[in-house]
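These are the residues of each chain, in order.
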Amino acid sequence: MGEEVKLLGLKTSLYSCRVEIALKLKGIEYEFIEEDLSNKSPMLLRYNSVHKKVPVLVHNGRAIAESLVILEYIDETWKDTPILPRDPYDRAMARFWVNFIDEKGIKTKDEEVIEEAYGDLEFLETELNDKRFFGGESIGLVDIASQEVLLKMGEEVKLLGLKRSSYSCRVEIALKLKGIGYEFIEEDLSNKSPMLLEYNSVHKKVPVLVHNGRAIAESLVILEYIDETWKDTPILPRDPYDRAMARFWVKFIDEKACKTNDEEAIEEAYGDLEFLETALNDKRFFGGESIGLVDIVADFIGFWLGVIQEVRGVELLKREKFPKLCGWIDEFLGCSIVKESLPSREMLLAFFQARFQAANTST
Ligand SMILES: N[C@@H](CCC(=O)N[C@@H](CS)C(=O)NCC(=O)O)C(=O)O
């Protein structure tokens, strides 16, 4: 009656899941609005202008952000089936463990803190004692906050990569788009790790994705694996013909456009970019309204090419000549997931400058 509850969330997000569990426990009806993190809705940007993150609960037009804040709000607003105990001391204890899990447990994906995480899990083991749930006989706030620790323990995603590599970056964009937590392991190509040599013994190249101990190499193979494993926020269209078209352009970009860093192929690359200009047509992204497989694979054109042009002092991608591609680059670089995944421009500039100088002095 006069109650309007909306949840801006992401099905793959553990934070968003916390709120869903609490609303369901309380029997509150709500409308779930799936966000596309590559193209955040004006509603999300307005309602959580500070963090621009999901989840955001909108109750009768008023927005609340941050999952733990939302959980407390839900418990105070709908008092049936409480998730926090009554007693102030017990409430304080529950909040203590919730903060502990939020600050610590979540870091189980980070290699350096895996040892530390082990100790943290031991604390949780002790706190559980002989109770059925952290909350006692029924699920409480601590249990709701902990589901992510348990889920993460079941899912181990590692990426052997290289920050300056556009191939490796493709995989990071896809994982971030899907909201998958992963551990990034930077490889030193002058001294490849035994893990890389074992996991990609055929090519000995990054990126390699290691999912629950099984390794997958080759960026395009990895991207398809990610899309088939984590189905939310698809990066390939559903329709077989549209999928074929996307794969056609992916292959084209992988074989042709990435060669624009090769001096001799620069003329040829010009013609290839013209094909892409036509393929974009009037779409915002190659994938349509949101980023898809073709856009991800074209990250080289979106970011690396600009840096290489600057180092070489050539301008291949002139706005007058390629207005659509240049517009696409603006959209691509404006996307927050892409921004978070790209290496620093200064680092890339320094790398290509050094490479360019070394090539010039040796000739
Ligand atoms: N076709 C591969 C290309 C990957 C690739 O070329 N990776 C480079 C880094 S940008 C690499 O690991 N090079 C190591 C080497 O060549 O020894 C893919 O799509 O993953």
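No experiment lies behind these values; they were computed from the predicted model shown.

**Student:** Explain the UniProt feature "domain: GST N-terminal" (unreviewed entry) in the protein to me, please; I cannot follow it from the model alone.
**Tutor:** In this structure's numbering, the residues bearing the UniProt feature "domain: GST N-terminal" (unreviewed entry) are residues 3–82 and 155–234. Measuring from the first to the last C-alpha atom of residues 3–82 gives 19 Å, for a span that is 38% helix and 21% strand. Taken end to end, residues 155–234 is 38% helix and 21% strand, and its first and last C-alpha atoms sit 19 Å apart.

**Student:** When you look at unusual backbone geometry in this model, what are you seeing that I'm missing?
**Tutor:** Glycine aside, residues mostly have negative phi angles, and peptide bonds mostly take the trans form. Residues V54 and P55 are joined by a peptide bond in cis, for which omega reads 5°. If you trace the backbone, P55 turns up in the loop between α2 (42–47) and β3 (56–59). A cis amide bond links V206 with the next residue in sequence, P207, at an omega value of 5°. Locating P207 in the fold gives a position in the loop between α8 (194–199) and β7 (208–211). If you check the backbone angles, K204 has positive phi at about 55° while not being a glycine. Topologically, K204 is positioned in the loop between α8 and β7. C-beta crowding within 10 Å serves as the criterion here: with 15 such atoms nearby, K204 is assigned to the partly exposed category. For E218, which is not a glycine, the phi torsion comes out positive at approximately 75°. Counting through the fold element by element, E218 comes out in the loop between β8 (214–217) and α9 (219–229).

Cut-offs and rules
- Residues numbered from 1 in each chain as written.
- Predicted model: local features only at pLDDT ≥ 70, side-chain atom pairs only at ≥ 80, totals over all residues.
- UniProt positions renumbered as here; feature names shortened; annotations may be inferred.
- Helix = DSSP H or I, 4+ residues; strand = E, 2+ residues; numbered from the N terminus.
- Buried ≥ 20, exposed ≤ 12 C-beta atoms within 10 Å, placed from the backbone.

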